[in-house]
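Now for the letters of each chain:
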Amino acid sequence: MKNKPVAIVTGGASGIGLAIAETFVKNKITTIIIGRDTKKLKAVKQKLGDGCDIQAFDLKDRKGIPAFIKKLVKKHGGIDILVNNAGINMKKPLIEVSDEDFDNIIETNVQSIFSLSREVVKYMLPNKKGSIVNISSMASQYGIPKVIAYSASKGAIESMTRAMAVELSPNGIRVNCIAPGFIATEMSAKALNNDPERKNKALGRTPMGYLGEPKDIGTTALFLASDAAKYITGVILPVDGGNSIGF
Ligand code: NDP
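For the structure given in this document, a descriptive report is provided here. (Residues numbered from 1 in each chain as written. Predicted model: local features only at pLDDT ≥ 70, side-chain atom pairs only at ≥ 80, totals over all residues. Heavy atoms only, no water.)

**What to know about the environment of Asn-171**
Here comes step 1: Position of Asn-171 relative to the elements: it lies in the loop between α5 (148–168) and β6 (173–180).
Here comes step 2: Looking at Asn-171, the relative accessible area reads 23%, which means it is partly exposed.
Here comes step 3: Spatially, the C-alpha atom of Asn-171 lies 31 Å from that of Asp-50, the residues being 121 residues apart in sequence.
Here comes step 4: If we skip the residues at most four places from it in the chain, Asn-171 touches Leu-125, Lys-128 and Lys-129. (Helix = DSSP H or I, 4+ residues; strand = E, 2+ residues; numbered from the N terminus. Buried < 20%, exposed > 50% of the residue type's maximum accessible area, 1.4 Å probe, protein only. Contact = heavy atoms within 4.5 Å.)

**Things to note about the pairing of strand β1 (residues 6–10)**
Here comes step 1: The element β1 is extensively covered by neighbouring structure, given that 5 of its 5 residues are classed as buried.
Here comes step 2: Residues Val-6, Ile-8 and Thr-10 point to one face of β1 and Ala-7 and Val-9 to the other, with burial holding for every one of them.
Here comes step 3: Bridge count between β1 and strand β2 (residues 30–35): 5 bridges; the pairing is parallel. In the strand pairing of β2, Ala-7 is matched with Thr-31.
Here comes step 4: In terms of handedness, the path from β1 via helix α1 (residues 15–26) over to β2 forms a crossover that is right-handed.
Here comes step 5: Relative to strand β4 (residues 81–84), β1 runs parallel, the two sharing 3 bridges. Its bridge partner lying in β4, Ala-7 is registered against Ile-81. (Pairing = 2+ DSSP bridges. Right-handed = clockwise from strand over helix to strand, strands pointing away.)

**Here's the deal with α5**
Here comes step 1: When the terminal C-alpha atoms of α5 are compared, their 30 Å separation across 21 residues agrees well with the 30 Å that a helix rising 1.5 Å per residue should span.
Here comes step 2: Within α5, the full set of buried residues consists of Ala-149, Tyr-150, Ser-151, Ser-153, Lys-154, Ile-157, Glu-158, Met-160, Thr-161, Met-164, Ala-165 and Leu-168.
Here comes step 3: Where α5 is buried, its residues meet α4 (99–124), β5 (130–135), β6, α6 (186–192) and β7 (236–239). (Expected span 1.5 Å × (residues − 1).)

Structure follows, in structure tokens:
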């Protein structure tokens, strides 16, 4: 039997996911980190040590998810926390986005999250306890040009959060979502650094006036996953320096 809580953090080998994994490990949560890039995963293992388990898996392999989760449950004795953080972005004018481009984003950012959550919930149900934290974006709070598929995917994540929260509440499973503002990671660097106008716009409507740090999301995920948030479910919590209410 396990004596520490067990969490899955998808995309936990970089950026926001890494900060969430670091925060969990520091707080004695055994953390299973999922990603595709084995080099990045090995570097995280070196950094975080025994408190984490690295697992190379492409979340687009939806057919493989049930057996993968079964294997993880057998290895760790159960899953208490799931953080659906892995995601991809694509910046292109609407008319240049092919059907394949659009589908690729939806597959990674929506369909995989559904399949993974469904499989993990199957193992949470008998325990009558569990916490799921999804990661959306400001792209679901207001309209951002040139990110049509990403915006659609993040809107879907927020809707799924509410639907799952309501359905799973009687079973002791809480489902919440963090909507990060502009956080300094590789993904945001790609979107903002070659586009000073976009960067100025993002910062201009952020009352705090600076980009957030990945660990700002890490500490929020820890709060939502923990019993400190035991009466909180179905919320979409902006962690954004005020960006979503900026004038
Ligand atoms: P990163 O690109 O650093 O991290 C994304 C992670 O997702 C990577 O570690 C990547 O791992 C993993 N990933 C992507 N596709 C797959 C896949 N098919 N299977 C397994 N893992 C996958 O970005 P961020 O840290 O910035 O973003 C993390 C989340 O936060 C995303 O959902 C993003 O949309 C969201 N977000 C980020 C914001 C920001 O300002 N940075 C703002 C709002 C939301 P690998 O490379 O190994 O595949």
